[in-house]
Amino acid sequence: MAELNVSPPSLPLAPREYDSSYHDQLNNVLRLFFSQLNNPGTIGGATLNLNLNTLPTDADLPNLRLGDVYRDTQDGVQDGSQMLRIKTST
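All chains use their own residue numbering, which begins from 1 and follows the written sequence. With the structure being a predicted model, the display of local features is reserved for residues of pLDDT at least 70 and the display and counting of side-chain atom pairs for 80 or more, all residues being used for whole-chain, interface and lining totals. Side-chain numbers here rest on the full set of heavy atoms in the structure, without hydrogens or water.

Caption draft 1: Just the overall build of the protein, in detail. Secondary structure follows DSSP: runs of H or I at least 4 residues long count as helices, runs of E at least 2 residues long count as strands, and numbering of each begins at the N terminus. Counting its regular elements, the protein contains 1 helix and 2 strands. Ordered by position from the N terminus, the helices and strands of the protein form the series α-β-β. The cut-offs for exposure are 20% and 50% of the maximum accessible area for each residue type, with area from a 1.4 Å probe on protein chains only; residues under the lower value are buried, those over the upper are exposed, and the others partly exposed. Across the 90 residues that make up the protein, the buried fraction comes to 16%. Two residues form a contact once any of their heavy atoms are found within 4.5 Å. Taking contacts inside the protein between residues at least 6 apart in sequence as the whole, the part at least 24 apart equals 33%. Taken as a whole, the protein presents about 7,400 Å² of accessible surface, with 51% of it coming from carbon and sulfur. Surface exposure here means Shrake-Rupley accessible area, sampled with a 1.4 Å probe, where a residue is shielded only by the protein chains that are shown.

Caption draft 2: Summary view of the confidence of the model for the protein. Confidence scores labelled pLDDT are given residue by residue by the predictor and lie between 0 and 100. In the predicted model, the protein carries a mean pLDDT of 83, and 83% of its residues have values of at least 70. Per-element confidence in the protein is highest for helix α1 (residues 20-38), whose mean pLDDT is 91, and lowest for strand β2 (residues 83-86), whose mean pLDDT is 87.

Caption draft 3: Region of interest: the side chain of D68. Within the secondary structure, D68 sits in the loop between α1 and β1 (69-72). Look at D68 and you get buried, because its relative accessible area is 13%. Side-chain atoms alone can form a polar contact between residues adjacent in sequence; in general such a contact is a pair of N or O atoms within 3.5 Å, and within protein one must be able to donate a hydrogen while the other accepts it. Engagement of the side chain of D68 in a polar contact is seen with the backbone nitrogen of R65, the distance being 2.9 Å.

This is the structure we're talking about:
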């Protein structure tokens, strides 16, 4: 799950002529931005709305990242309901 509150970075203005330090700075800014997108970090909230039809199931477990929510179709099935679980180990 990606960080939801990441603002796009302010990219450095390009010089008129090639400058390797500009490209280094641009790469650093983009690397930091993509790292923030990939890091779920801490997200707080009072409510959570999920579309159960689009959530992955336990069949998708090998492809999920730690912390991803999935529907457990094997355990806890009572009256057609399914448990929501969070992947906690690899």
